[in-house]
Amino acid sequence: MATFGTLSDRLTETFRNLRTKGKLTPADVDGTVREIRRALLDADVALEVVKEFSAKIRERALGDEVNRALNPAQQVVQIVNEELVEILGGQQRRLQFAKTSPTVIMLAGLQGSGKTTFAGKLARMLEKDGHTPLLIAADLQRPNAVNQLQVVAGQAGAAIFAPEPGNGVGDPVRVSRDGVEHARRQQHDVVIIDTAGRLGVDAELMKQAADIRRATSPDEVLFVIDAMIGQDAVNTARAFQEGVDFTGVVLSKLDGDARGGAALSVASVTGRPIIYASTGEGLDDLEAFHPDRMASRILDLGDILTLIEQAQSAFDEEEARKIADKLATEQFTLEDFLGQLQQMRKMGSMKKMLGMLPGMGQMKSQLENFDEREIDRTEAIIRSMTPVERRNPKILNGSRRLRIARGSGMTVTDVNQLVQRFDQAAKMMKTVARGGVPNVPGMGPMGGKPGASSKRGKQKKQQGSRSGNPAKRAAENAQRPAVPAAGSGSGFGLGAGAGAAQPSESDLAEIQKLFGKG
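Here's what I pulled together on the structure shown here.

The rules behind these values
- Residues numbered from 1 in each chain as written.
- Predicted model: local features only at pLDDT ≥ 70, side-chain atom pairs only at ≥ 80, totals over all residues.
- Heavy atoms only, no water.
- Helix = DSSP H or I, 4+ residues; strand = E, 2+ residues; numbered from the N terminus.
- Buried < 20%, exposed > 50% of the residue type's maximum accessible area, 1.4 Å probe, protein only.
- Areas by Shrake-Rupley, 256 points an atom, 1.4 Å probe, with all protein chains shown as cover.
- Core = buried A, V, L, I, M, F, W, Y, C linked by side-chain atoms within 4.5 Å.
- Contact = heavy atoms within 4.5 Å.
- Pairing = 2+ DSSP bridges.
- Axes fitted to C-alpha atoms, helices over the stretch in contact; angles between N-to-C directions.
- Salt bridge = Lys/Arg side-chain N within 4 Å of Asp/Glu carboxyl O.
- Phe/Tyr/Trp six-rings, centres within 6.5 Å; stacked < 30°, edge-to-face > 60°.
- Expected span 1.5 Å × (residues − 1).

Our focus in this paragraph is the overall build of the protein. Secondary structure summary: the protein contains 24 helices and 10 strands in total. A total of 518 residues make up the protein; the buried ones form 45% of that total. When the accessible surface of the protein is totalled, it reaches about 25,900 Å², and 49% of it is carbon and sulfur.

One finds Phe15, Val80, Leu84, Phe118, Ile192 and Phe240 to be the most contacted residues of the largest nonpolar core, which totals 90 residues. For this core, the leading source of residues is helix α5 (residues 72-87), giving seven residues. If we skip the residues at most four places from it in the chain, Val80 touches Phe15, Ile36, Phe53, Ile57 and Leu299.

Let's shift gears to the pairing of strand β7 (residues 274-278). Successive residues of a regular strand alternate their side chains across the two faces of the sheet. Burial within β7 is extensive, with five of its five residues counted as buried. Sheet topology places strand β6 (residues 248-252) next to β7; three bridges connect them, and they run parallel. What sits directly across from Val250, in β7, is Tyr276. Pairing analysis gives three bridges linking β7 to strand β8 (residues 286-288), with the strands arranged antiparallel. Pairing of Ser278 across the sheet is with Leu286, part of β8.

This paragraph deals with the sheet that holds strand β2 (residues 133-137). An order of β3-β2-β4-β1-β5-β6-β7-β8 is seen for the eight strands of this open sheet, with the pairing classed as mixed. Pairing within the sheet leaves two strands with one partner each, and these edge strands are β3 (159-161) and β8. The mean angle between the axes of side-by-side strands here comes to 25 degrees, regardless of whether they run parallel or antiparallel. With five bridges connecting them, β2 and strand β4 (residues 190-194) associate as parallel partners. Bridged to Ile136 within β4 is Ile193. Across the sheet, helix α8 (residues 172-185) is in contact with β1 (103-108), β2, β3 and β4; its angle to β2 comes to roughly 160 degrees.

Bringing the pattern of salt bridges into the picture now. Following the criterion strictly, the structure yields 19 salt bridges and no others. Between Glu389 and Arg400 there is a salt bridge, with its nearest N and O atoms 2.7 Å apart. Taken together, the positions of Glu389 in helix α19 (residues 387-391) and Arg400 in helix α20 (residues 398-408) put the pair 11 residues apart, joining distant regions of the chain. On the basis of relative accessible area, Glu389 is assigned to the buried category, the value being 0%. Here Glu389 and Arg403 are joined by a salt bridge, their closest N and O atoms 2.7 Å apart. Highlighted residues: Glu389 in helix α19 and Arg403 in helix α20, separated in sequence by 14 residues. The class for Arg403 is partly exposed, based on a relative accessible area of 36%.

Now for the packing of aromatic side chains. For the structure on display, the rule yields three aromatic pairs. Look at Phe118 and Tyr276: their rings are 5.9 Å apart centre to centre, the planes differ by 50 degrees, and that puts the pair in the tilted class. One end of the pair, Phe118, is in helix α6 (residues 115-128); the other, Tyr276, is in strand β7, and 158 residues separate them in sequence. There is no split in this pair, since Phe118 and Tyr276 are both buried. These aromatic residues form a ring-pair network of at least three members: Phe223, Phe240 and Phe246.

Before going further, it helps to examine unusual backbone geometry. Peptide bonds are trans in most cases, and residues, glycine excluded, mostly fall at negative phi. For the bond from Ser101 to Pro102, the omega torsion is 0 degrees, close enough to zero to count as cis. Position of Pro102 relative to the elements: it lies in the loop between α5 and β1. Phi at Ser217 takes a positive value of approximately 45 degrees, unusual for a residue other than glycine. Residue classification places Ser217 among the exposed residues on the basis of a relative accessible area of 53%.

The end-to-end C-alpha distance of helix α9 (residues 203-216), which contains 14 residues, comes to 20 Å, matching closely the 20 Å that a straight helix rising 1.5 Å per residue would cover. Leu205, Met206, Gln208, Ala209, Ala210, Asp211, Ile212 and Thr216 are the residues of α9 that are buried. In this structure, the buried side of α9 is in contact with β1, α8, β4 and α10 (232-243). Taken from the residues just after α9, Ser217 is the one with a positive phi, measuring 45 degrees.

Here it is as structure tokens:
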């Protein structure tokens, strides 16, 4: 996640230095805590949070749990992970729904924090869960705020209550009260009230928000805060807590390039849980906030659970079974390949998904150069083919490829590369479907079974010296390059032990080409 990029790099580097030590001395612990403290302060985390966090880590790192551990460095990482989870709120807190409809959710926050956009995202998420949300336009001060909410509601497919034009006209308290009554009559089970913000905390803002709260008796008051405002997040959060007393926090703009101090400060300082995190500009870029998963992302330990959940929500199980059957019977075609690309697109940004894999922080430059538009180009080429050509790419002669290139706005070389990549990907997937171990070009077998060896390895063995003279045979074999054991290391170079070979730039480029990203 971009917001925590610098902090994640600093912490990862600190722990990498620890892993070279077999036993940790008090000096090692103090040095590690000092680096962690600097990293947090550079990330704009509130000073009081940094002091408490550092003290807890030092106390636990010097305790018996580390001294008795088989791997002290990993134990320290575990301690930091657990303490990060605590300052992020401990356990996940879900949205609380009222026993009798409608559930009233009031949004509060400064102007520009992303309240209106979040209102649309939340409505979209609730719609997917089977709810019938109603958006209430109670921000009548900001120019065109009502129009913006109407546009967002239309994009989210949600109903909206906007009796006043806004732009300084209308009473937000009356609109909020009438909106809740309207939702009750129209049988909407959730109401989302978008209130006004200001450029800074002031008495008028707090009074208006408090009046709306008294008039509507909301079940949830969500404080939307910009994750990029840094140290000022604490003062703003405390002011809203005293003036409105919110029940939960929403972090917006976590896809920005700020240092993320707000996320690591607000929950700890206010004692209120973070419920949602906004990770992009799209209406689907909203996640339920999991403190444990966020801590794992910060420490570059990955977030596999969120990745699996996104895959499950995007992929059709019946379609997946059909594809598996086609792979097993060698009937996988370019039409199926196109369908898989479209399913992957539903999951969102490829960069974001790859960033959830453990250890991907070490491959930041490769991720930054990852071209998301390659899927569009691949889709254009496949759609320029006839149904017969998609089902049987072997009939693609020179004239057909030229026609496809012109129809897709690409070159013949691009078409040739796509067909080649499809053949490689199909072979790989067929191998996996049959329970085998795929060969990634330039990398050899990935994660082979214990004791298993590839045909390439056997061929290498047979190429040794066959001299009948033992001394001569030993001398000739000694001059030959060593053949690496199959299955050694780790796929893509992630999680490999010390001294394990890391993938080269050419290997990474080959992987990107294989999956249509070259």
